[in-house]
Amino acid sequence: MKYFLIAGEASGDLHAAHLMQALRGADPAAQFRCFGGDAMQAAGGLLLCHYRHLAYMGFVPVILHLRTILRGMAACRRAIAEWRPDAVILVDYPGFNLKMARYVRAHALCPVFYYISPKIWAWKEGRIRAIRRDVSRLYSILPFEKDFFEGRHGYPVTYVGNPTVDEVDAYCRSHGRPVPDGQTVALLPGSRRQEIRDNLSRMLRAATPLLGEGARLVVAAAPAMPLGFYDDIIGRAGVDASRVRVVAGQTYAVLSHAQAALVTSGTATLETALFGVPQVVCYYVACGRFVSLLRRWLLKVPYVSLVNLVCGREVVPELVADGMTVDNVRRHLRPLLSDTPERRAMLAGYASMAERLGDPGAPARAAADIVARLRQSQG
């Protein structure tokens, strides 16, 4: 069968690639075309458009690049209509993907499956109407989402487990269990240019004093982001570049040896927790006080990190908007570098989180369900 997949950022590209591998296991004749990234191409998909040409976040960037985004949407619609796939599979990226779902449903082209459901429990809850209308089946990767969609909205979803569990488990099986070296502080400042610039400079200033105490700072660079970009930020932060190591494509290797980490919100918080690395979640936003005030009105959840959301309580500290100051970050980081009550409590919380997420196998479970539904519909 023919599968058309759409992902809009690095984590979605990786998750989609693993789903493609699982689909090929369930359907050896599977063919793939995609709007996505390098991982999806490496998994055997014909890459029609790279996500870096369309991945714009925030009101101003979207307005400035609106023509490019609209051209990308038109190209995606044409590609789907011309190829006539047996299924369209959407991976997160709701601003783009829900519009594609509407097009496919309106033209009765094929079933639409959504892998990694949009986070409408956090904001834009009204999108449930589009999901209900246009999506054939929704696959959840966070356990609390099932209660949200089914209990609150009466919309059935399938919880398949979390693909990050699979990815970390696969890495640990091939490289061995994580072994903290007692010195490495990992800095994971995000994947987009502006958030990296905002977060990394403050992370560096918070962690630099630890260099005199034997710490080693390692920055995990985002895919396709030039290393010179990080060097420039390090220089502007007034940090000796020779004291900071920047590595690309080795985030798991960094985490497997890290004693503690400073992490932006997102999938990285989950990855850090699954590696058993105590962390401080920090995300700088300009006009922090105003944003913190708006957060109470716009966000429907009490936390921004996936660790805390899965556990339903604060396991890791969240320093967001005006809460992310150099002094605050440093104050929360220090206790995590040695065997303290704060470190032990966080590791216990990680164990609870892992239990709630469940066993590996998310891509395989989703793929098996998709293929079974397609074969049933095709008789």
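Only a predicted model underlies this, so the values are computations on that prediction, with no experimental measurement involved. (Residues numbered from 1 in each chain as written. Predicted model: local features only at pLDDT ≥ 70, side-chain atom pairs only at ≥ 80, totals over all residues. Heavy atoms only, no water.)

## Quick notes on the overall build of the chain
Consideration 1: Of regular secondary structure, the chain possesses 17 helices and 13 strands.
Consideration 2: By the compact-globule yardstick of 21 Å for 379 residues, the chain fits well, its C-alpha radius of gyration being 21 Å.
Consideration 3: On the principal axes, the C-alpha backbone points of the chain span a range of 65 × 45 × 40 Å.
Consideration 4: Looking at the 379 residues of the chain, the share that counts as buried comes to 51%.
Consideration 5: Sequence separation of at least 24 residues holds for 67% of the intrachain contacts in the chain that already meet a minimum separation of 6.
Consideration 6: Here the chain has roughly 16,900 Å² of accessible surface; of this, 53% comes from carbon and sulfur atoms.
Consideration 7: Side chains of the chain give 46 positive and 32 negative charges; the mean places of these two sets differ by 7 Å. (Helix = DSSP H or I, 4+ residues; strand = E, 2+ residues; numbered from the N terminus. Rg over C-alpha atoms; globule rule 2.2 N^0.38 Å. Buried < 20%, exposed > 50% of the residue type's maximum accessible area, 1.4 Å probe, protein only. Contact = heavy atoms within 4.5 Å. Areas by Shrake-Rupley, 256 points an atom, 1.4 Å probe, with all protein chains shown as cover. Lys, Arg positive; Asp, Glu negative; His and termini not counted. Charge placed at Lys NZ, Arg CZ, Asp CG, Glu CD.)

## Section: the pattern of salt bridges
Consideration 1: Taken as a whole and judged by the stated rule, the model has 12 salt bridges.
Consideration 2: A salt bridge links D232 to R236, with the shortest nitrogen-to-oxygen separation between them at 3.0 Å. With D232 and R236 both in helix α10 (residues 227-236) and 4 residues apart, this pair spans about one turn of that helix.
Consideration 3: Given a relative accessible area of 39%, D232 falls into the partly exposed group.
Consideration 4: With a closest N to O distance of 2.9 Å, D339 and R344 form a salt bridge.
Consideration 5: Its relative accessible area of 59% is what places D339 among the exposed residues.
Consideration 6: When its relative accessible area of 44% is taken as the criterion, R344 is described as partly exposed.
Consideration 7: Three or more residues are tied together by salt bridges with common partners; here these are R105, R133 and D134. (Salt bridge = Lys/Arg side-chain N within 4 Å of Asp/Glu carboxyl O.)

## A closer look at the packing of helix α9 (residues 193-207) against helix α15 (residues 326-333)
Consideration 1: Where α9 meets α15, the closest approach of the two axes is 8 Å, and the angle between their N-to-C directions is 55°. With respect to α15, the axis of α9 lies oblique. Handedness of the crossing formed by α9 with α15: right-handed. In contact with R202, R205, A206 and A207 of α9, α15 contributes V326, V329, R330 and L333.
Consideration 2: Taken together, the residues of the contact of α9 with α15 break down into 5 nonpolar, no polar and 3 charged. (Axes fitted to C-alpha atoms, helices over the stretch in contact; angles between N-to-C directions. Parallel < 35°, antiparallel > 145°, perpendicular 65-115°, else oblique. Left-handed = near helix turned anticlockwise from the far one by under 90°. Nonpolar A, V, L, I, M, F, W, Y, C, P; charged D, E, K, R; others polar.)

## What about the pairing of strand β9 (residues 216-221)?
Consideration 1: With 5 of 6 residues buried, β9 lies mostly within the body of the structure.
Consideration 2: Here 4 bridges tie strand β8 (residues 184-188) to β9, and the two strands are oriented parallel to one another. Bridging from a neighbouring strand, A186 pairs with V218 of β9.
Consideration 3: For the segment spanning β8, α9 and β9, crossover handedness is right-handed.
Consideration 4: Strand direction decides the pairing type here: β9 and strand β10 (residues 244-248), joined by 5 bridges, are parallel. Within the sheet, the bridge partner assigned to V218 lies in β10 and is R245.
Consideration 5: Taken together, β9, α10 and β10 constitute a β-α-β crossover, and its handedness is right-handed. (Pairing = 2+ DSSP bridges. Right-handed = clockwise from strand over helix to strand, strands pointing away.)

## What to know about the sheet that holds strand β3 (residues 46-50)
Consideration 1: Strands sit in the order β3-β2-β1-β4-β5-β6-β7 across an open sheet of 7 strands; the sheet is parallel. Where the open sheet ends on each side, the last strands, each with one partner, are β3 and β7 (158-159).
Consideration 2: Across 5 bridges, the pairing between strand β1 (residues 2-7) and strand β2 (residues 31-36) is parallel. Pairing of F4 across the sheet is with R33, part of β2.
Consideration 3: Relative to the sheet, helix α1 (residues 10-26) contacts β1, β2, β4 (87-91) and β5 (112-115), its axis offset from that of β1 by approximately 165°.

## Examining the side chain of N308
Consideration 1: With respect to the secondary-structure elements, N308 resides in helix α14 (residues 306-311).
Consideration 2: The class of N308 is buried, set by a relative accessible area of 0%.
Consideration 3: Leave out the neighbours within four places in its chain, and N308 touches Y303, R313, E314, V315, V316 and E318.

## Quick notes on the packing of aromatic side chains
Consideration 1: The final tally for this structure, using the stated rule, is 12 aromatic pairs.
Consideration 2: Between F4 and F35, the ring centres sit 6.2 Å apart and the planes meet at 35°, which makes this aromatic pair tilted. Of this pair, F4 sits in strand β1 while F35 is found in strand β2, placing the two residues 31 residues apart along the sequence. Side by side, F4 and F35 carry an identical accessibility label, which is buried.
Consideration 3: Ring centres of Y171 and Y252 lie 5.7 Å apart, and the angle between their planes is 85°; this geometry places the pair in the edge-to-face category. Of the two residues, Y171 is situated in helix α8 (residues 163-175) and Y252 in helix α11 (residues 251-257); the sequence distance between them amounts to 81 residues. Per residue, the accessibility class of Y171 equals that of Y252, and both read buried.
Consideration 4: Through a chain of ring-to-ring contacts, the aromatic side chains of F4, F35, Y93 and F96 assemble into a single cluster.
Consideration 5: It is R193 that lies over the ring of F229; its NZ or CZ is 4.5 Å from the centre.
Consideration 6: The side chain of R202 reaches across the aromatic face of Y284, ending 3.5 Å from its centre. (Phe/Tyr/Trp six-rings, centres within 6.5 Å; stacked < 30°, edge-to-face > 60°. Lys NZ or Arg CZ within 6 Å of the ring centre and 35° of its normal.)

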